[in-house]
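Each chain is listed here by its residues.
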Amino acid sequence: MIEQAVFWILGAIMVAGALGVILMPNTINSVMSLLLSMLSLAGFYILMGAHVVALFQIIVYVGAVLVLFLYVIMLLNLKEKGLKLPMEASTWAIGGMSLGLVFVVAWLFWQSLRETVFTGDAGTTDAPATIHQLAIDLFSQHLLIFELTSVLLLVAVIGAIIISKK
Amino acid sequence: MGFYHYLSFGIILFSIGVVGFIIRNNTVVLLMSVELMLNSVNLIFVAFSRYLHGTEGQVYVFITMAIAAAEVAVGLAIVISIYRLFGTLDISKIKLLKG
């Protein structure tokens, strides 16, 4: 009962935050809405028993990515006057078409999943994966991907420095 | 709550990201829409990991987060150089390729 209430409240906050990101005229307000959305997403992860992912969501997204966004907005001193949406009919047509495409893909996905039976509520039936299992999986089967990701991060850092250099 | 609830929220979040990417002109908001889409994929990954009782979904979420962080770092560097070059972040005013 409490879990359901928390789920729906978090979901409402998440959707409202996401709508705020794309509809707020001021970029700072967009970042703040994104913050709201990310925090409620972390709440979703906790509801599903993925505590490690929730922790990383807060550390990586709220602690690093959003701060980076805020720094860039402050650095550029962006001032926008009102929400300016494109008026061309083609933009709206492309938007509607891509939205329709998303829903078609989602519907196909849904149809293919209908036969599968997902049992149990998150957090109440068998225990979710612990950090121990997660670490063993990450550092045995997925070790190569992990190392490649660290190389990618290094390349991205060097690339960001070179691109933003005067 | 069942698997389909989380899946539906992931799809809703992805749709909002797609619409934001198409209708906004501000480059920073475009990057934020991409973040929304990446996060919806993360949500679906974690939901699958939870309901299929595996760890792979969560491992992939870590990888996705690292990719997203790299993407934001490079993307914001590009935003800064675009702003230096054009003095604006409105993508409808940046038309070097239009000839």
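Conventions we followed
Residues numbered from 1 in each chain as written. Chains lettered and ligands numbered in written order. Predicted model: local features only at pLDDT ≥ 70, side-chain atom pairs only at ≥ 80, totals over all residues. Heavy atoms only, no water. Helix = DSSP H or I, 4+ residues; strand = E, 2+ residues; numbered from the N terminus. Rg over C-alpha atoms; globule rule 2.2 N^0.38 Å. Lys, Arg positive; Asp, Glu negative; His and termini not counted. Charge placed at Lys NZ, Arg CZ, Asp CG, Glu CD. Domains from an automatic or database assignment. Contact = heavy atoms within 4.5 Å. Buried area = accessible area lost by both parts, 1.4 Å probe. Salt bridge = Lys/Arg side-chain N within 4 Å of Asp/Glu carboxyl O. Polar contact = N/O pair within 3.5 Å; in protein donor to acceptor, adjacent residues only side chain to side chain. Nonpolar A, V, L, I, M, F, W, Y, C, P; charged D, E, K, R; others polar. Phe/Tyr/Trp six-rings, centres within 6.5 Å; stacked < 30°, edge-to-face > 60°. Core = buried A, V, L, I, M, F, W, Y, C linked by side-chain atoms within 4.5 Å. Buried < 20%, exposed > 50% of the residue type's maximum accessible area, 1.4 Å probe, protein only. Expected span 1.5 Å × (residues − 1). Arc of directions from axis to C-beta. Axes fitted to C-alpha atoms, helices over the stretch in contact; angles between N-to-C directions. Parallel < 35°, antiparallel > 145°, perpendicular 65-115°, else oblique. Left-handed = near helix turned anticlockwise from the far one by under 90°.

### Quick look at the overall build of chain B
Point 1. Helix and strand counts for chain B come out as 3 helices and 0 strands.
Point 2. The helix and strand sequence of chain B, counted from the amino end, reads α-α-α.
Point 3. Its C-alpha atoms give chain B a radius of gyration of 17 Å, more than 25% over the compact-globule value 13 Å for 99 residues.
Point 4. Each principal axis of the C-alpha atoms in chain B carries an extent, and together these give about 50 × 25 × 20 Å.
Point 5. On chain B, the mean spot of the 6 positive side-chain charges and the mean spot of the 4 negative ones are 14 Å from each other.

### With respect to the domain arrangement of chain A
Point 1. Under the domain assignment, chain A is made up of domain 1 (1-82) and domain 2 (132-166).
Point 2. Using only C-alpha atoms to locate each centre, domain 1 of chain A and domain 2 of chain A end up separated by 24 Å.

### Some thoughts on the interface of chain B and chain A
Point 1. Counting from both sides, the interface comprises 70 residues of chain B and, opposite them, 86 residues of chain A.
Point 2. Across the chain B to chain A interface the summed buried area is about 6,900 Å²; carbon plus sulfur atoms make up 77%.
Point 3. At the boundary of chain B with chain A, the tally comes to 0 salt bridges.
Point 4. Connecting chain B to chain A are 8 residue pairs in polar contact (both at pLDDT 80 or more).
Point 5. Looking at the side of chain B that touches chain A, the elements with two or more residues in it are helix H1 (3-23), helix H2 (27-51) and helix H3 (56-86) of chain B.
Point 6. The element that contributes the greatest number of residues to the side of chain B that touches chain A is H3 of chain B, accounting for 24 residues.
Point 7. For the side of chain B that touches chain A, the class distribution of residues is 48 nonpolar, 16 polar and 6 charged.

### A short note on the packing of aromatic side chains
Point 1. Across all of its chains, the model carries 13 aromatic pairs over all chains by this definition.
Point 2. Look at phenylalanine 56 of chain A and phenylalanine 62 of chain B: their rings are 4.9 Å apart centre to centre, the planes differ by 65 degrees, and that puts the pair in the edge-to-face class. In this pair, phenylalanine 56 of chain A is assigned in helix H3 (residues 51-76) and phenylalanine 62 of chain B in helix H3, connecting two distinct chains.
Point 3. Taken together through their ring pairs, the aromatic side chains of Phe7, Trp8 and Phe44 of chain A together with Tyr6 and Phe9 of chain B make up a single cluster.

### Topic: the nonpolar core
Point 1. Ranked by size, the top nonpolar core spans 62 residues in total, and within it Phe44, Tyr45 and Phe69 of chain A together with Tyr6 of chain B carry the most contacts.
Point 2. When residues of this core are traced back to their parent elements, those giving at least two are helix H1 (2-23), helix H2 (27-47), H3, helix H4 (89-113) and helix H5 (131-140) of chain A together with H1, H2 and H3 of chain B.
Point 3. Top contributing element to this core by residue count: H3 of chain A, with 12 residues.

### Quick look at helix H6 (residues 143-164) of chain A
Residues and elements named next belong to chain A.
Point 1. With 22 residues, H6 ought to run about 32 Å at 1.5 Å a step, and its terminal C-alpha atoms sit 32 Å apart, in line with that.
Point 2. Residues of H6 that are buried include every one of Thr149, Ala156 and Ala160, and no others. Taken around the axis of H6, the buried residues stretch over an arc of 30 degrees, which confines them to a single face. Facing away from the buried side of H6 by more than 90 degrees, the exposed set consists of Leu144, Leu148, Leu154, Val155, Ile161 and Ile162.

### Some details on the packing of H2 of chain A against H1 of chain B
Point 1. Where H2 of chain A meets H1 of chain B, the axes come as close as 12 Å, and the angle between the chain directions of the two elements is 160 degrees. Taken together, the axes of H2 of chain A and H1 of chain B are roughly antiparallel relative to one another. Note on packing geometry: the crossing formed by H2 of chain A with H1 of chain B is left-handed. From H2 of chain A, Ser37, Leu41, Phe44 and Leu47 of chain A reach across to H1 of chain B, where they touch Tyr6, Phe9 and Leu13 of chain B.
Point 2. Of the residues assigned to the contact of H2 of chain A with H1 of chain B, the class counts are 6 nonpolar, 1 polar and no charged.

### Thoughts on the environment of isoleucine 163 of chain A
Point 1. Tracing the backbone through its elements, the reader meets isoleucine 163 of chain A in helix H6.
Point 2. Since its relative accessible area comes to 33%, isoleucine 163 of chain A is described here as partly exposed.
Point 3. When neighbours within four sequence positions are excluded, isoleucine 163 of chain A is seen to be in contact with Val74, Ala77, Ile78 and Ser81 of chain B.

### Some details on the pattern of salt bridges
All names here are of chain B.
Point 1. All told, the structure shown has 1 salt bridge over all chains when counted by the stated rule.
Point 2. A salt bridge links aspartate 90 to lysine 93; the shortest N-O distance between them is 3.6 Å.
Point 3. When its relative accessible area of 8% is taken as the criterion, aspartate 90 is described as buried.
Point 4. Owing to a relative accessible area of 53%, lysine 93 belongs among the exposed residues under this scheme.

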